[in-house]
Amino acid sequence: RISAAAKYLGIDGDVVPFGSYTNTLYNANSDCDVTFVPREDAWGEAALHILKLIAQELPSHGFKSIIQIFQASTPIIKAIDPGGIEVDLCIGNYLGIYNSRLV
């Protein structure tokens, strides 16, 4: 659904899960950490702009309770997907992807 929102906005990239959901360390109370990796490098303000656009589009794709936390060192969107799973979305978190593969 996040991919569909980005595609609708004309932003090309991949949604990549990381954290506990990728290495089976999650439980019933865990959120799902995902990062959107744009095809074109996006850092700083460009990444934040993409995150803001996706945040505005998520309700059209069934997401609820959307909270934007843009002042953090890694800006994120917290949302609940249509299946009730809490999702944390950031942009270009390559370190999170890499670290999840190490576990």
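Residues numbered from 1 in each chain as written. Predicted model: local features only at pLDDT ≥ 70, side-chain atom pairs only at ≥ 80, totals over all residues. Heavy atoms only, no water.

**Considerations on a nonpolar patch on the surface**
Piece 1. On the surface, Leu95, Tyr98 and Leu102 cluster together to form a nonpolar patch covering roughly 360 Å² of accessible area.
Piece 2. Its location among the elements puts tyrosine 98 in helix H3 (residues 94-102). (Patch = residues over 30% accessible without salt bridge, like charges linked within 9 Å, V, L, I, M, F, W, Y side chains within 5 Å. Areas by Shrake-Rupley, 256 points an atom, 1.4 Å probe, with all protein chains shown as cover. Salt bridge = Lys/Arg side-chain N within 4 Å of Asp/Glu carboxyl O. Helix = DSSP H or I, 4+ residues; strand = E, 2+ residues; numbered from the N terminus.)

**Focus: the side chain of serine 30**
Piece 1. Tracing the chain through its elements places serine 30 in the loop between strand E1 (13-18) and strand E2 (32-38).
Piece 2. For serine 30, a relative accessible area of 19% puts it in the buried group.
Piece 3. With near-sequence residues (within four places) excluded, serine 30 lies in contact with Ser20 and Tyr21. (Buried < 20%, exposed > 50% of the residue type's maximum accessible area, 1.4 Å probe, protein only. Contact = heavy atoms within 4.5 Å.)

**As for the pattern of salt bridges**
Piece 1. Under the definition given, this model contains 3 salt bridges.
Piece 2. A salt bridge links aspartate 12 to arginine 39, with the shortest nitrogen-to-oxygen separation between them at 3.4 Å. Here aspartate 12, found in the loop between helix H1 (2-8) and E1, pairs with arginine 39, found in the loop between E2 and helix H2 (45-57); they are 27 residues apart in sequence, far enough to count as distant.
Piece 3. Where salt bridges share partners, they join Asp12, Asp14 and Arg39 into one cluster.

**A look at the sheet that holds strand E5 (residues 86-91)**
Consider a sheet: its strands pair through backbone hydrogen bonds, and that pairing is either parallel or antiparallel.
Piece 1. The 5 strands lie next to each other as E1-E2-E5-E4-E3, forming an open sheet whose pairing is mixed. Lying at the two open borders of the sheet, with one neighbouring strand each, are E1 and strand E3 (64-69). The sheet shows a mean angle of 25° between the axes of neighbouring strands, direction not considered.
Piece 2. Inspection of the sheet shows strand E4 (residues 76-80) paired to E5 by 4 bridges, in the antiparallel sense. Counted as the bridge partner of alanine 79 is valine 87 from E5. (Pairing = 2+ DSSP bridges. Axes fitted to C-alpha atoms, helices over the stretch in contact; angles between N-to-C directions.)

**Topic: H2**
Piece 1. Its 13 residues place the ends of H2 18 Å apart at the C-alpha level, agreeing with the 18 Å of an ideal helix rising 1.5 Å per residue.
Piece 2. Of the positions making up H2, those classed as buried are Ala47, Leu48, Ile50, Leu51, Ile54, Ala55 and Glu57.
Piece 3. Here the buried face of H2 lies against H1, E2, E3, E4 and E5. (Expected span 1.5 Å × (residues − 1).)

**Some remarks on the environment of alanine 79**
Piece 1. In this structure, alanine 79 sits in strand E4.
Piece 2. Judged by relative accessible area, which is 6%, alanine 79 ranks as buried.
Piece 3. Once the C-alpha coordinates of alanine 79 and serine 60 are considered, the two residues, 19 residues apart in sequence, prove to be 13 Å apart.
Piece 4. Excluding its chain neighbours within four sequence positions, the residues that come into contact with alanine 79 are Leu58, Phe63, Lys64, Ser65, Ile66, Ile85, Glu86 and Val87.

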